[in-house]
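Chain and residue survey
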Amino acid sequence: MQRIESHACFGGVQDVWQLPSDALDCDTRIGVYLPPQASQRACPVLYWLSGLTCTEQNFVTKAGAQRYAAEHGVILVAPDTSPRGPGIPDAEGYDLGVGAGFYLDATQAPWDAHYRMHDYIVRELPAVIEANFPATDARGISGHSMGGHGALVIALRNPGRYRSVSAFSPVVAPSRVPWGEKAFTTYLGDDRDTWRAWDACELVADARERLPLLVDQGEADEFLATQLRPDLLREACDAAGHPLELRMRAGYDHSYYFIASFIGEHIAHHVAAMR
């Protein structure tokens, strides 16, 4: 591991680390915020998954989350959104390829050699964090847009691994919206039955753990009706009896201004569950 950034922040330290990944078969970067409490004891960890086009930098620099992490004593971990570097397959457009890993494990060539973000987030990344930082095994997961999709799907696919989950503006039904259909066809192939394992609205029906879902969605979000469709998640949770708190926020859009406005409430939600 190589530390490439370090900044004092709210009594703690905001670092960015570069390290090789077995799952992604490339070097990757992660933002790690250690709150002041981490100098005295091990702390729970909140994993944040960012959206299309993002890197670890978007959350680290725009969300304002460190203030609340310092208040509650929680470590923040923000990985990149896809593999990157020489030899990594890419595609034209912002919604596929580099910066658009969709937090799944690709099965189609040439993507399957590197685009294994689910394996990386669930297995490899927590092992690195818990081995190298003063972290407990109490984990929460959250994210935005594509990353909100990732947070919901990862929590639903891995019962018992996370104590809490939340999302901002998530893609809740990727099998039924253009972003998801494009990504799933490319990464997973044309068989829509295989897509069900990566779709939150499909997963809640058979979830073995009723982990409450917290979702904030801006009503002024330009992608609300075409790509995000929180109404479908509400319908799926109502049908399955799965706990969901869906908060529609008047006037808010898809930006980090929205995330910064409510990230404190999300961190408090996670910390309460992780304790």
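Rules used in this analysis
Residues numbered from 1 in each chain as written. Predicted model: local features only at pLDDT ≥ 70, side-chain atom pairs only at ≥ 80, totals over all residues. Heavy atoms only, no water. Helix = DSSP H or I, 4+ residues; strand = E, 2+ residues; numbered from the N terminus. Rg over C-alpha atoms; globule rule 2.2 N^0.38 Å. Buried < 20%, exposed > 50% of the residue type's maximum accessible area, 1.4 Å probe, protein only. Contact = heavy atoms within 4.5 Å. Areas by Shrake-Rupley, 256 points an atom, 1.4 Å probe, with all protein chains shown as cover. Lys, Arg positive; Asp, Glu negative; His and termini not counted. Charge placed at Lys NZ, Arg CZ, Asp CG, Glu CD. Salt bridge = Lys/Arg side-chain N within 4 Å of Asp/Glu carboxyl O. Pairing = 2+ DSSP bridges. Arc of directions from axis to C-beta. Axes fitted to C-alpha atoms, helices over the stretch in contact; angles between N-to-C directions. Expected span 1.5 Å × (residues − 1).

This next bit is on the overall build of the protein chain. Each helix and strand in the protein chain was counted, giving 10 helices and 9 strands. What you see for the protein chain is a C-alpha radius of gyration of 17 Å, in line with the 19 Å of a compact globule of 275 residues. When the backbone C-alpha atoms are referred to their principal axes, the protein chain occupies close to 50 × 40 × 35 Å. Looking at the protein chain residue by residue over its 275 residues, the buried ones come to 59%. Looking at the protein chain alone, contacts between residues at least 24 apart form 71% of all its contacts between residues at least 6 apart. For the protein chain, the accessible area works out to roughly 10800 Å², and carbon and sulfur atoms hold 47% of it. Here the protein chain holds 23 positive side-chain charges and 35 negative ones, and the gap between their average locations is 6 Å.

Next up on the list: the pattern of salt bridges. Per the counting criterion, the structure on display carries 14 salt bridges. Taking the shortest distance from any N to any O, the salt bridge between R3 and D15 comes out at 3.4 Å. Of the two residues, R3 sits in strand β1 (residues 2–9) while D15 sits in strand β2 (residues 12–21), which places them 12 residues apart along the sequence. On the basis of relative accessible area, R3 is assigned to the partly exposed category, the value being 49%. In this structure, the salt-bridge partner of E181 is R192, at a minimum N-O distance of 3.1 Å. Taken as a pair, E181 in helix α5 (residues 178–188) and R192 in helix α6 (residues 192–195) lie far apart in primary sequence, 11 residues in all. Given a relative accessible area of 28%, E181 falls into the partly exposed group. Residue R192 is classed as partly exposed on the basis of its relative accessible area of 45%. The network of salt bridges with shared partners includes D216, E245, R247, R249 and E265.

To continue, consider the pairing of strand β8 (residues 213–218). The element β8 is largely enclosed, with a buried count of 6 among its 6 residues. The two faces of β8 match: L213, V215 and Q217 on one face and L214, D216 and G218 on the other face are all buried. Looking at chain direction, β8 and strand β9 (residues 244–249) are connected through 6 bridges and run parallel. In the sheet register, L213 faces β9, and the bridge partner there is L244.

The subject of this paragraph is helix α9 (residues 230–240). Of all the positions in α9, only P230, L232, L233, A236 and C237 are classed as buried. Taken around the axis of α9, the buried residues stretch over an arc of 150°, which confines them to a single face. Exposed side chains of α9 directed beyond 90 degrees from the buried face belong to E235, D238 and A239. The inward-facing, buried residues of α9 abut α4 (146–157), α7 (200–203), β8, α8 (224–228) and β9. Looking at the residues trailing α9, positive phi occurs at G241, about 70°.

Turning our attention to the sheet that holds β9. The strand order across the open sheet built from 9 strands is β1-β2-β3-β5-β4-β6-β7-β8-β9, with neighbouring strands paired in mixed fashion. Whereas interior strands pair on both sides, the edge strands pair on one side only; in this sheet they are β1 and β9. The sheet shows a mean angle of 20° between the axes of neighbouring strands, taken without regard to direction. Across 4 bridges, strand β7 (residues 164–168) lies against β8 in parallel orientation.

To continue, consider the environment of F168. Along the chain, F168 turns up in strand β7. What F168 contacts, discounting residues up to four positions off in sequence, is W48, G143, H144, S145, D216, F258, I259, F262, I263 and H266.

A few words now on α4. One turn of the α-helix equals 3.6 residues, which is why residues spaced by three or four share an orientation. With 12 residues, α4 ought to run about 16 Å at 1.5 Å a step, and its terminal C-alpha atoms sit 16 Å apart, in line with that. Listed in full, the buried residues belonging to α4 are M146, G147, G148, H149, G150, A151, L152, V153, I154, A155 and L156.

By themselves, these are just geometric observations and shouldn't be taken as functional.
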